[in-house]
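Okay, here's what each chain looks like letter by letter:
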Amino acid sequence: MALSNRLKVTPLAANIGGLVEGVDLSQQLSDETIADIRGALLDRQVLFFENQDITPRQHIDFAARFGALHTHPLYPAIEGIPEMIVLDNHKDNPTDNDSWHTDVTFIDTPPLGSILKAELLPPFGGDTLWSSMTAAYKALSPTMQKFLSGLTAVHDFTRSFPEESKVSQNAGDNTYAEARKKHPPLLHPVIRTHPETGEPCLFVNNGYTTRIKGMRGLESKAIIDFLFQHIQKPEFCVRWRWSPNAIAFWDNRCTQHYAVNDYLPNRRVMHRATILGDKPFYRAAA
Ligand code: SIN
């Protein structure tokens, strides 16, 4: 299905995922092409590009066309490019992304999106799955949608990054202490209105969400556990098998993802640039 005159975007599943052809990310792209990619992202929620042999600098420059970039407080980065996270996983450093999550919801303005490139792939495994939070919202009963709308939930940096985690330990005591101080728990709406499409999206994730404000512990746990399970329904998902130099660009405002940890003891290296977004809000449909 062609979504623009310049790009070919083929849907990979009903609710989410599009394979983009007809663009070379090593080139300086026109504003029109960037607008087409943005439009396709809004439509498909995660876009895949194959055979993009670009440098980290070209990767960062492409990401920066969509907004200011985030520097992660803990993950290692490429020397001289602090915004480029290196996810280098092997038997002594297994991934910590093998759970459903939305990136960096521990900040006030969580990312618009992330752009991930395969640098070194294992001989088998290492796929990534994305789930559509608009599809997950739509599949809830109107009663549940109404109940959740207007609620807020706590997002806590230490849920994914407790002091004893490998990522925290690798970062070192001072960096970790500083990151923790800078990121106290904060609130986001449980249902978020997408700032560009206006669609409602479920916005709690197992990476960072700890409880729903205003509910007793067990009440909150029951709802949150249900939602964490609900978002995993295969019908909401697309699964991507990586190839060398493939790139995934996801809309972090309306998706969650899961990195499958099934390739050890082999090594898998990915580079990620993360584009900052805006403050989540909920607006009831008119
Ligand atoms: C991430 O969670 O940002 C990385 C996903 C992956 O490595 O597949």
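Here goes a summary of the coordinates provided. All values derive from a computational prediction rather than experimental measurement.

1. Thoughts on the pattern of salt bridges
If the charged atoms of two oppositely charged side chains come close together, the side chains can form a pair. Counting across every chain of the model gives 15 salt bridges. A salt bridge links aspartate 92 to lysine 91, with the shortest nitrogen-to-oxygen separation between them at 3.6 Å. Using a relative accessible area of 55% as the deciding quantity, one classes lysine 91 as exposed. Taking the shortest distance from any N to any O, the salt bridge between lysine 279 and aspartate 108 comes out at 3.1 Å. Here lysine 279 is found in the segment after β16 (268-275), whereas its partner aspartate 108 is found in the loop between β5 (81-89) and β6 (113-120), with 171 residues between them in sequence. With a relative accessible area of 47%, lysine 279 lands in the partly exposed category. On the accessibility criterion, aspartate 108 (37% relative accessible area) is partly exposed. Linked by salt bridges that have partners in common, Arg38, Glu196, Asp251 and Arg253 make up one network.

2. A look at helix α8 (residues 217-230)
Compared with an ideal rise of 1.5 Å per residue, which puts 14 residues at 20 Å, α8 spans 20 Å between its outermost C-alpha atoms and is within 8% of the ideal. Three or more residues of α8 are buried, namely Ser220, Ile223, Ile224, Leu227, Phe228 and His230. One face of α8 carries all of its buried residues, which in axial projection span an arc of 160°. Facing away from the buried surface of α8 by more than 90 degrees, the exposed residues are Leu218 and Gln229.

Conventions we followed
- Residues numbered from 1 in each chain as written.
- Predicted model: local features only at pLDDT ≥ 70, side-chain atom pairs only at ≥ 80, totals over all residues.
- Heavy atoms only, no water.
- Salt bridge = Lys/Arg side-chain N within 4 Å of Asp/Glu carboxyl O.
- Buried < 20%, exposed > 50% of the residue type's maximum accessible area, 1.4 Å probe, protein only.
- Helix = DSSP H or I, 4+ residues; strand = E, 2+ residues; numbered from the N terminus.
- Expected span 1.5 Å × (residues − 1).
- Arc of directions from axis to C-beta.

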